[in-house]
Every structure is written in C-alpha cells, then in structure tokens.
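# Inside the fold
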Amino acid sequence: MKLPATIYKSWVGYLWILFVGLTVAAIPWAGIFMLGYSGDLDETSFWMLVITSILVLVVMVERLYVYNLSYITLTKDGIKAENWSSLFYQVDAETEWVRVQDVAIQTNNLFSLLFSFGTVTIQTAGTGQDMRMTMVPNVEALRDAISQLADQATGEDSVELSTTNA
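Summary of the structure given here. (Residues numbered from 1 in each chain as written. Predicted model: local features only at pLDDT ≥ 70, side-chain atom pairs only at ≥ 80, totals over all residues. Heavy atoms only, no water.)

### Some remarks on the sheet that holds strand 3 (residues 78-86)
Cut-off, in case you're wondering: For two strands to count as paired, DSSP must find a minimum of two bridges between them. A run of H or I in DSSP counts as a helix once it spans at least four residues, and a run of E counts as a strand once it spans at least two, with each numbered from the N terminus. Only the stretch in contact is used when a helix axis is fitted, and all axes are lines through C-alpha atoms; the angle between N-to-C directions ranges over 0 to 180 degrees. Residue contacts are counted whenever heavy atoms from the two residues lie within 4.5 Å of one another.
Pairing is antiparallel across the open sheet formed by four strands, whose spatial order is 1-2-3-4. Whereas interior strands pair on both sides, the edge strands pair on one side only; in this sheet they are strand 1 (5-8) and strand 4 (89-96). Across the sheet, the axes of successive neighbouring strands diverge by a mean angle of 10°, strand direction being ignored. Note: strand 1 against strand 2 (residues 71-74), four bridges, orientation antiparallel. Residue Tyr 8 lies in a different strand from strand 2, and its bridge partner there is Tyr 71. Lying on the sheet, helix 4 (residues 139-154) is in contact with strand 1, strand 2 and strand 3; it crosses strand 2 at an angle near 35°.

### Section: the nonpolar core
The cut-off we apply is this: Here, nonpolar core means buried Ala, Val, Leu, Ile, Met, Phe, Trp, Tyr and Cys residues that are tied together by side-chain atoms lying within 4.5 Å of each other. We call a residue buried when its accessible area falls under 20% of the maximum for its residue type, exposed when it is over 50%, and partly exposed in between, using a 1.4 Å probe and counting protein chains only.
The biggest cluster of nonpolar side chains holds 19 residues, and the ones touching the most others in it are Leu 74, Ile 79 and Ile 146. No other element matches the five residues that helix 4 contributes to this core. The residues touching Ile 79, leaving out its near neighbours within four places in the chain, are Ile 72, Thr 73, Leu 74, Ala 93, Glu 94, Thr 95, Trp 97, Val 100, Ile 122, Met 131 and Ile 146. The next biggest cluster of nonpolar side chains, apart from the first, holds seven residues, and it includes Met 60, Leu 64, Tyr 67 and Met 135.

And the structure:
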C-alpha cells in the first residue's frame, strides 16, 4: 500500500441515506395525494406536508455531507481517524504505528458481506479509547495493511510456522 493512503466510508452508505431520506420525504406527498383525491386537502394541510417533506430532504442532505467527512488516513508515522457524528460533533484520533496492538473487523449482516464493507476497530496502547470507523470498504484488506504496517514499525515480522516430522 502506498502511503499516505486515505480511506473514506463505503458508497453503500450514500445509497442507504438516499433511500431512507427519499422514502421518508415521499410520505407527506402520499398524504397530499390521498387528501387531494378524497377532497379533504385544504391549503394549511398542503403547506404543512410540503414543509415537512422539505425538512426531511434538508436533513438527508446534511446526513450525506456529514457521512462524507469521516475518513482514516494511513501515513508513514501512524494512523489518523476523523469521525463525524453531526455537523457540530467530531471525534479525532491519532496514533503511531508502534502503539497499535490489535485490529479487529466486524461485518454485521448479509449486505456488508455482499458489498464488502464493515467496521474496523484499532486497539492502541496508552490511549484512552480505541479508534473505530463504520462502513469502511474492503475491511479485510485494511486490517491486513494496518497489521502489516504496525508489525513493520515494531520490528515484528509475521513468521509462518510449519511443523515437520523429523
């Protein structure tokens, strides 16, 4: 892996946010059509439903933007992770390669297996919390790369043991 390398969240998350946002935004429009068909749609109800739909779309755009802000960067010195939960809250974590103790991955469901994304958790020595990022593409390859770079930094080489009968 060529360093520095920056890994952003999976494209599947963008599709999921779009699907949920557009589905929820469509509910008020269904109400407009149903009320209009029955003849019970007044101007106040119409504008309340339109404003509700617009607010849902604004929240969807905000979620897409925030989703796009999170990343992990692998450098020659270590790892930097930036996770955004909202426009006003982010968690930054940075560690050197020699502090990396364990890299765990988790694929929770069939979709994560099919589309090759999951959660990566990097356990570090001497820091208060682990580095964690969800919806990471190719988690197996990322885990292997981080483990290899951490082993190189600490001077540990992965040695394959074989047993032979003498």
